[in-house]
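Structure assessment
Listed here are the chains, written in short residue letters.
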Amino acid sequence: MSSRHEIKLKGPVIRPERIPAPLFQELLHIFVEGAQRALRLRIEGRSTARGTQPAWMRSAAQFDLLIEPPSEPGVFRVESRPLRQVLPANLRPGETPHGLDLAQTAVDFFEEGLEDALAGATDSDTFDEGLVETFSAFARLFEQGVEAIEIVNGRIIPIDSEGIERVIRLRRQIPAPQAVRIAGTLDTIRHSDRVFTLVLESGAVLKGVAERLEATRMASLFGKQVVVSGMAVFRPSGSISRIDVEQMQEASAQELSLWSRLPRPLRVLLDTRSLRVAQDERSGFNAIYGQWPGDESEEELVAALEGLS
């Protein structure tokens, strides 16, 4: 059974008889790109990657725009099909290390990530930097005269300019990727795209992608303790989301002891706007200007300074 979603735009630019073409084009682009990226994140553990977009992603994330009389101006309806109908067999649970609900759709995943980002969920697995970039594009709708947006699908997801500003701040919080080494047990491998999971000594499970490695090489290491090198990708909270692996080899006991810990980002971007605090006559420079904390008179202070010189 297909899933139906309502998108409601509100504001003076929305009229019963028409909607500006650039606004509609931007809205459609956000949902198309968002559905594709959200689905890829659930399948591969990343919403974007260099190279050609996988062929399965475009068709599996497809949805239909329903042409029917709306009950109110600025209302659009989309219909998307569940994963059990559109996802290739080799990517369905059984081979997928990241469990999927096949009753859900790519648009459902997009909305779940958007809802978490609007709430400022810094440790969520429903979005990454690529998806936050897509969510931030809603700002362009508000620049064109939209005042509020609602997405309705069994629940209401309200979107306004303040919410999107929180999303943009969330994007600034995401630490830059960094080179790391991690050791653990190679627990699962998916042959089609080299997605795997690594179980650390602590029991923590780390997702990774090793598309540069030979399948036979990974297969020979399955179930063994390995050490991997690559680029760690982080969540806004600073916890690791996945590792893009460049090398993988069997780990020695020393390497397992040394590298079996989840890395933390070395550099965290500082939002300089958080340092800007409004001042009044009792704070900041005004609080100290013309003040001297001691009991000495000006003449005593001058005499003391001359004595020091």
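In this report, we go over the structure that sits alongside the text. (Residues numbered from 1 in each chain as written. Predicted model: local features only at pLDDT ≥ 70, side-chain atom pairs only at ≥ 80, totals over all residues. Heavy atoms only, no water.)

1. Section: the nonpolar core
What counts is decided by this rule: Buried residues of nine kinds, namely Ala, Val, Leu, Ile, Met, Phe, Trp, Tyr and Cys, make up a nonpolar core once their side-chain atoms join them within 4.5 Å. Relative accessibility thresholds used throughout: buried, under 20% of the residue-type maximum; exposed, over 50%; partly exposed, between the two (1.4 Å probe, protein chains only). Here, residues are in contact when the closest pair of their heavy atoms is within 4.5 Å.
Of all hydrophobic cores here, the largest spans 49 residues; its most connected members are Leu-39, Phe-138, Ile-149 and Ile-159. Apart from residues no more than four positions distant in its own chain, Ile-159 is found in contact with Leu-114, Leu-118, Phe-138, Phe-142, Ala-148, Ile-149, Ile-151 and Ile-164.

2. What about the packing of aromatic side chains?
As a reminder, the rule being used: Geometry of aromatic contacts follows a simple scheme: Phe, Tyr and Trp rings, the Trp one being its six-membered ring, pair when their centres are within 6.5 Å, and the pair is stacked under 30 degrees between planes, edge-to-face over 60, tilted otherwise. What counts as a helix is a DSSP run of H or I of at least four residues, what counts as a strand is a run of E of at least two, and both are numbered from the N terminus.
One pass over the full model with this rule turns up three aromatic pairs. Arranged with centres 5.4 Å apart and planes meeting at 40°, the rings of Phe-24 and Phe-76 form a pair that is tilted. Pair noted here: Phe-24 is in helix H1 (residues 21–44) and Phe-76 is in strand S3 (residues 75–80), with a separation of 52 residues, a long-range link. With a relative accessible area of 25%, Phe-24 lands in the partly exposed category. Grouped by ring-pair contacts, the aromatic residues Phe-31, Phe-110 and Phe-135 constitute a single cluster.

3. Quick notes on helix H4 (residues 106–118)
Because each turn of an α-helix spans 3.6 residues, side chains separated by three or four positions end up pointing in the same direction. The line we're drawing: Expected helix span is computed as 1.5 Å times (number of residues minus one).
Taking 1.5 Å as the rise per residue, H4 with 13 residues should run 18 Å; its terminal C-alpha atoms sit 18 Å apart, in good agreement. Within H4, 10 of the 13 residues are buried, which leaves it mostly tucked inside the rest of the structure. If you check which residues of H4 are buried, you get Ala-106, Val-107, Asp-108, Phe-109, Phe-110, Glu-111, Gly-113, Leu-114, Ala-117 and Leu-118.

4. Overview of H1
Its 24 residues give H1 an end-to-end C-alpha distance of 34 Å, which sits within 8% of 34 Å, the value for a rise of 1.5 Å per residue. Looking one or two residues past H1, Gly-45 carries a phi angle of roughly 85°, positive in sign.

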